[in-house]
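# Residue-level structural notes
Residue strings, one per chain:
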Amino acid sequence: MLPQLNALLHSELRLGVMSILYASEQADFTYLREQTGSTAGNLSVQIDKLTKAEYIEVEKGFRGKMPRTICRITDRGRAAFEEYVESLQSYLRT
Amino acid sequence: MDEKSLSQNESLELIARMIRNTNDRLEAGAGRPFLIWGYTSLIVTLAVWVALALTHNYWWNFLWFVIPVVGWPLMMITQKKYESGCTTYIDRIVGYVWIVFGLLCMCQTVATFIPMHASPVLFVMLLLLGAGTALTGLIIKFRCCVVTGFMGMAMFFIQFLNLSGQWQMLCFAVGVVLLLIIPGHVLNLKARRKCCRS
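Rules of the game
- Residues numbered from 1 in each chain as written.
- Chains lettered and ligands numbered in written order.
- Predicted model: local features only at pLDDT ≥ 70, side-chain atom pairs only at ≥ 80, totals over all residues.
- Heavy atoms only, no water.
- Helix = DSSP H or I, 4+ residues; strand = E, 2+ residues; numbered from the N terminus.
- Buried < 20%, exposed > 50% of the residue type's maximum accessible area, 1.4 Å probe, protein only.
- Contact = heavy atoms within 4.5 Å.
- Areas by Shrake-Rupley, 256 points an atom, 1.4 Å probe, with all protein chains shown as cover.
- Lys, Arg positive; Asp, Glu negative; His and termini not counted.
- Charge placed at Lys NZ, Arg CZ, Asp CG, Glu CD.
- Phe/Tyr/Trp six-rings, centres within 6.5 Å; stacked < 30°, edge-to-face > 60°.
- Arc of directions from axis to C-beta.
- Axes fitted to C-alpha atoms, helices over the stretch in contact; angles between N-to-C directions.
- Parallel < 35°, antiparallel > 145°, perpendicular 65-115°, else oblique.
- Nonpolar A, V, L, I, M, F, W, Y, C, P; charged D, E, K, R; others polar.

## Details of the overall build of chain A
Broken down by element type, chain A carries four helices and three strands. When its helices and strands are written in sequence order, chain A yields α-β-α-α-β-β-α. With respect to the principal axes defined by its C-alpha atoms, chain A has extents near 55 × 25 × 20 Å. The buried share among the 94 residues of chain A stands at 48%. Within chain A, residue pairs in contact and separated by at least 24 positions form 55% of the contacts whose partners lie at least 6 positions apart. Accessible surface for chain A amounts to roughly 5000 Å². Of this, 50% is attributable to carbon and sulfur atoms. Treating the 12 positive side-chain charges of chain A as one cloud and the 12 negative ones as another, the clouds have centres 7 Å apart.

## A few points about the packing of aromatic side chains
For any pair of aromatic rings, the description consists of the separation of the ring centres together with the inter-plane angle of the planes. All names here are of chain B. Scanning the model with the defined rule gives seven aromatic pairs over all chains in all. Ring geometry for Trp59 and Phe62: centres 5.4 Å apart, planes at 15°, overall stacked. Its relative accessible area of 42% is what places Phe62 among the partly exposed residues. Judged by centre distance (5.5 Å) and plane angle (80°), the ring pair of Phe156 and Phe157 falls under edge-to-face. By relative accessible area, Phe157 is classed as exposed at 52%. Through pairs of rings, three or more aromatic residues link up here, namely Trp59, Phe62 and Phe65.

## Points about helix α2 (residues 29-36) of chain A
Residues of α2(A) that are buried: Phe29(A), Tyr31(A), Leu32(A) and Thr36(A). Viewed along the axis of α2(A), the buried residues span an arc of 165°, placing them on a single side of the element. Lining the buried residues of α2(A) we find α1 (12-23), β1 (26-28), α3 (40-52) and β3 (66-73) of chain A together with α1 (8-23) and β1 (86-87) of chain B. Looking at the residues trailing α2(A), positive phi occurs at Gly37(A), about 65°.

## Focus on the packing of helix α4 (residues 89-111) of chain B against helix α5 (residues 121-140) of chain B
Residue and element names in this part refer to chain B. Packing of α4 against α5 leaves a shortest axis separation of 10 Å and a crossing angle of 175°. Classified by the angle between their axes, α4 and α5 sit roughly antiparallel to one another. For the pair formed by α4 and α5, the contact residues are Ile90, Ile93, Val94, Val97, Trp98, Phe101, Leu104, Cys105, Gln108 and Thr109 on the first element and Val121, Val124, Met125, Leu128, Leu129, Ala131, Gly132, Thr133, Leu135, Thr136, Ile139 and Ile140 on the second. Looking at the contact of α4 with α5 residue by residue, the class counts come to 17 nonpolar, five polar and no charged.

Remember that the coordinates give geometry; whether it matters functionally is a separate question.
Encoded structure:
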């Protein structure tokens with residue numbers, strides 16, 4: 001019996017964001033938007049979904065006078081991401 | 001990217017690409033710390049060298065403390081302009097490496113003011129800076145830093161030629177160019193090329 005893939009992570013943009021945050025300690029909104037090539041509105045919605053699932057945490061602050069949103073992966077998000085990758089690998093092995 | 005669902009293969013490819021991009025990223029101004037400390041050290045070294053050659057007054061050695069006095073504020077001022085949108089574990093490790101080597105350099109400088117202490121301070125500095133540069137190069141996989149770092153460490157052995165203080169300073173100036181200024185410019189050039197391509 002193959003494990004179910006995590007539906008929250010099995011979407012292109014959310015998986016892209018989680019992959020970047022998994023590889024880094026923190027990334028700001030602008031960096032995530034540039035790397036994923038998404039629109040600000042769409043990225044904002046997906047970040048909100050990941051935050052509600054407690055996979056990432058968001059800190060709002062300022063860089064000089066400009067607002068800055070910093071995202072970090074949580075322990076729960078890290079565990080979910082690792083589990084997702086393991087599930088993917090087991091799918092590919094079969 | 002949007003909210004579309006992916007096949008298993010596409011998912012793994014996306015994960016690999018995003019992690020690779022994050023780890024291999026090189027941002028504008030990546031060589032900034034090397035250049036700030038490199039040019040500050042070079043200018044101060046040459047200033048001390050000229051002052052000592054002209055006056056033979058050893059009080060000019062206190063000019064060495066200009067390096068941290070100028071270097072730290074410059075780092076702070078330029079930090080905001082080049083602050084990265086992403087911080088990785090590699091950034092943190094490189095930061096720790098330079099905190100440790102920076103403190104060792106400060107300790108070594110202070111130790112030269114202890115009476116009867118006769119260590120070849122400039123060559124020890126070259127050894128420390130060389131180790132820091134080589135380690136940075138190994139961590140960020142940047143060959144130029146590794147090569148110049150080990151070359152700088154090898155310069156430590158020049159002390160056994162028993163050079164005069166004036167020549168030691170010139171050796172140190174060459175070492176600073178090799179260890180900090182050249183890698184800084186090469187790193188900036190590489191970052192600019194990468195930014196142009198993307």
